[in-house]
Amino acid sequence: MTMSETTEAGAGEALRPHAEDAFADELKALAAADDRPRPERWRLSPWAVALYLLGGTLPDGTVITPKYVGPRRLVEVAVTTLATDRALLLLGVPGTAKTWVSEHLAAAVSGDSTLLVQGTAGTPEEAVRYGWNYAQLLAHGPSRDALVPSPLMRAMSQGMTARIEELTRIPADVQDSLITILSEKTLPLPELGQEVQAVRGFNVIATANDRDRGVNELSSALRRRFNTVVLPLPATPEAEVDIVSRRVDQVGRSLDLPPAPDGLAEIRRVVTVFRELRDGVTTDGRTKLKSPSGTLSTAEAISVVTNGLALAAHFGDGVLRPGDVAAGILGAVVRDPAADRVIWQEYLETVVRERDGWKDFYRACREASA
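Residues numbered from 1 in each chain as written. Predicted model: local features only at pLDDT ≥ 70, side-chain atom pairs only at ≥ 80, totals over all residues. Heavy atoms only, no water.

Concerning the overall build of the protein
Then, in step 1: Helix and strand content of the protein: 17 helices and 11 strands.
Then, in step 2: Relative to the 2.2 N^0.38 estimate, which gives 21 Å for 370 residues, the radius of gyration of the protein is 23 Å and therefore close to what a compact globule would have.
Then, in step 3: Each principal axis of the C-alpha distribution contributes one length, and for the protein these read about 70 × 50 × 40 Å.
Then, in step 4: For the protein, restricting intrachain contacts to residue pairs at least 6 apart in sequence, the fraction spanning at least 24 positions comes to 71%.
Then, in step 5: Of the roughly 18000 Å² of accessible surface on the protein, a fraction of 52% belongs to carbon and sulfur atoms.
Then, in step 6: The positive charge centre, built from 41 side chains, and the negative charge centre, built from 49, are 5 Å apart in the protein. (Helix = DSSP H or I, 4+ residues; strand = E, 2+ residues; numbered from the N terminus. Rg over C-alpha atoms; globule rule 2.2 N^0.38 Å. Contact = heavy atoms within 4.5 Å. Areas by Shrake-Rupley, 256 points an atom, 1.4 Å probe, with all protein chains shown as cover. Lys, Arg positive; Asp, Glu negative; His and termini not counted. Charge placed at Lys NZ, Arg CZ, Asp CG, Glu CD.)

Quick look at the structure:
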């Protein structure tokens, strides 16, 4: 059974399907309705790719769900970058949907989001360039059959979009192996006296966490090869509530969790707590707050609410209540047991305790913190 056949066989059972599988109907409808010019080997036009990410309604009534809630111009710049020969770097604090946007861009452009290099402190150069099948290498010497292509090498050969996650986590010497690929659009194979030239349609989307500055800072030579798009945190509470609600609904359905009645109130409360502690000031601007060491990102809010839904479904009456999210909020806020716990207790007593309609939430948080 081939890899594609294995993927198809397990697509219906996958805990977290790839974007091109989860939203296959939307991508198919967009392709059918898309009559605009498409760059070489793109599945959709740049206009349709942006519509796929931002959401909208097609002339035939098909609703395209938003994959990213944020400034339209950022999405347009990102898509346009991929239509040029310049690589795209998505930069932002943790939880700003960099990986999510990267995956959906690759799915819409190439129909395949799986050509992925995961950046870590131990990522070897072979993950970016190529490796060897050592049994073949010892038996027959260097040859194309003995060569194991990296995701980038396969993307170059097929005119696809490759992804690199957490670029600044990759050691600097491995990062630099990207320079020739991105500037010359070629990958030398000195052992064979050959090279792989990228065909039209090839490009790279990288993500980087700006909290990781100083870990493995990009060289100026490599940074010049990227067009950087900074993904911001949601601008308003309403936008963040919308993002959390949408993602929690998607994740909940994939886990067969029943929808929680009146869950929006608790989602709004979680978002409010995270934003206030993250910004260091209450929503009304009257009280300055100390910020904990954690990021309190939108992604963490999604995780807290999803866990709360599971608690309500399996150990409650199915209604999302303050007690279901209190422990998750405590875990997200208190990362440093000493300093963060003091900040959390102060926030509970000076803000949460005095807020109208938050008495149940205050009691639940006190119990979770005990």
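Quick notes on the pairing of strand E10 (residues 203-209)
Then, in step 1: With respect to burial, E10 is a largely interior element, 7 of its 7 residues being buried.
Then, in step 2: Side-chain alternation along E10 places Asn203, Ile205, Thr207 and Asn209 on one buried face and Val204, Ala206 and Ala208 on a second face that is also buried.
Then, in step 3: Across 5 bridges, strand E3 (residues 87-92) lies against E10 in parallel orientation. Each bridged residue has a counterpart across the sheet, and for Gly92 the counterpart in E10 is Asn209.
Then, in step 4: Pairing analysis gives 4 bridges linking strand E7 (residues 161-165) to E10, with the strands arranged parallel. (Buried < 20%, exposed > 50% of the residue type's maximum accessible area, 1.4 Å probe, protein only. Pairing = 2+ DSSP bridges.)

Overview of the sheet that holds E7
Then, in step 1: The sheet built from 5 strands is open, its strands ordered E4-E7-E10-E3-E11 with parallel pairing. Each having just a single partner strand, strand E4 (116-118) and strand E11 (226-230) make up the two edges of the open sheet. Each strand of the sheet is rotated relative to its neighbour by a mean of 20°, with strand direction disregarded.
Then, in step 2: Two strands pair when backbone bridges link them, and E3 and E11 are joined in this way by 5 bridges, in the parallel orientation. Bridge assignment links Leu89 to a residue of E11, and that residue is Thr228.
Then, in step 3: Together, E3, E10 and E11 form the strand contacts of helix H5 (residues 72-82), whose direction differs from that of E11 by roughly 165°. (Axes fitted to C-alpha atoms, helices over the stretch in contact; angles between N-to-C directions.)

Some details on the side chain of Glu266
Then, in step 1: With respect to the helices and strands, Glu266 occurs in helix H13 (residues 263-279).
Then, in step 2: In contact with Glu266, other than residues within four places in its own chain, are Leu320, Arg321, Pro322 and Val325.

Regarding the nonpolar core
Then, in step 1: In terms of nonpolar packing, the biggest core is built from 36 residues, with Val273, Phe274, Ile329 and Trp344 touching the most fellow members.
Then, in step 2: Counting residues per element, the ones that place at least two in this core are helix H12 (237-254), H13, helix H14 (298-315), helix H15 (322-333), helix H16 (339-352) and helix H17 (359-369).
Then, in step 3: Not counting residues up to four positions away in its chain, the partners in contact with Trp344 are Val273, Leu277, Ile329, Leu330, Val333, Val334, Cys365 and Ser369.
Then, in step 4: Membership of the second largest hydrophobic core comes to 35 residues, among which are Val128, Met156, Leu167 and Ile181. (Core = buried A, V, L, I, M, F, W, Y, C linked by side-chain atoms within 4.5 Å.)

Notes on the environment of Pro59
Then, in step 1: Secondary-structure assignment places Pro59 in the loop between strand E1 (56-57) and strand E2 (63-64).
Then, in step 2: The exposed category is assigned to Pro59, whose relative accessible area is 83%.

Considerations on unusual backbone geometry
Then, in step 1: Phi is positive for Ala97, close to 70°, though the residue is something other than glycine.
Then, in step 2: Tracing the chain through its elements places Ala97 in the loop between E3 and helix H6 (98-110).
Then, in step 3: Using a relative accessible area of 27% as the deciding quantity, one classes Ala97 as partly exposed.
Then, in step 4: In this structure, Leu296 takes a positive phi of about 50° despite not being glycine.
Then, in step 5: By the element assignment, Leu296 lies in the loop between H13 and H14.
Then, in step 6: What makes Leu296 buried here is its relative accessible area of 0%.

Points about H17
Then, in step 1: Restricting attention to buried positions, one finds in H17 the residues Phe361, Tyr362, Ala364, Cys365 and Ser369. The buried residues of H17 occupy one face: seen down the axis, they fall within an arc of 165°.
Then, in step 2: Tucked into the core, H17 has its buried residues touching H13, H15 and H16. (Arc of directions from axis to C-beta.)

Digging into the pairing of E7
Then, in step 1: Within E7, 5 of the 5 residues are buried, leaving the element largely enclosed by the surrounding structure.
Then, in step 2: Both faces of E7 are covered, namely the face carrying Thr161, Arg163 and Glu165 and the face carrying Ala162 and Ile164.

As for the packing of aromatic side chains
Then, in step 1: Under the criterion given, the structure shown has 4 aromatic pairs.
Then, in step 2: Their ring planes at 25° and their centres at 5.9 Å tell us that Trp344 and Tyr347 sit as a pair that is stacked. Highlighted residues: Trp344 and Tyr347, both in helix H16, separated by 3 residues, approximately one helical turn.
Then, in step 3: Here the guanidinium or amino end of Lys67 rests over the ring plane of Phe23, the centre of that ring lying 4.9 Å away. (Phe/Tyr/Trp six-rings, centres within 6.5 Å; stacked < 30°, edge-to-face > 60°. Lys NZ or Arg CZ within 6 Å of the ring centre and 35° of its normal.)

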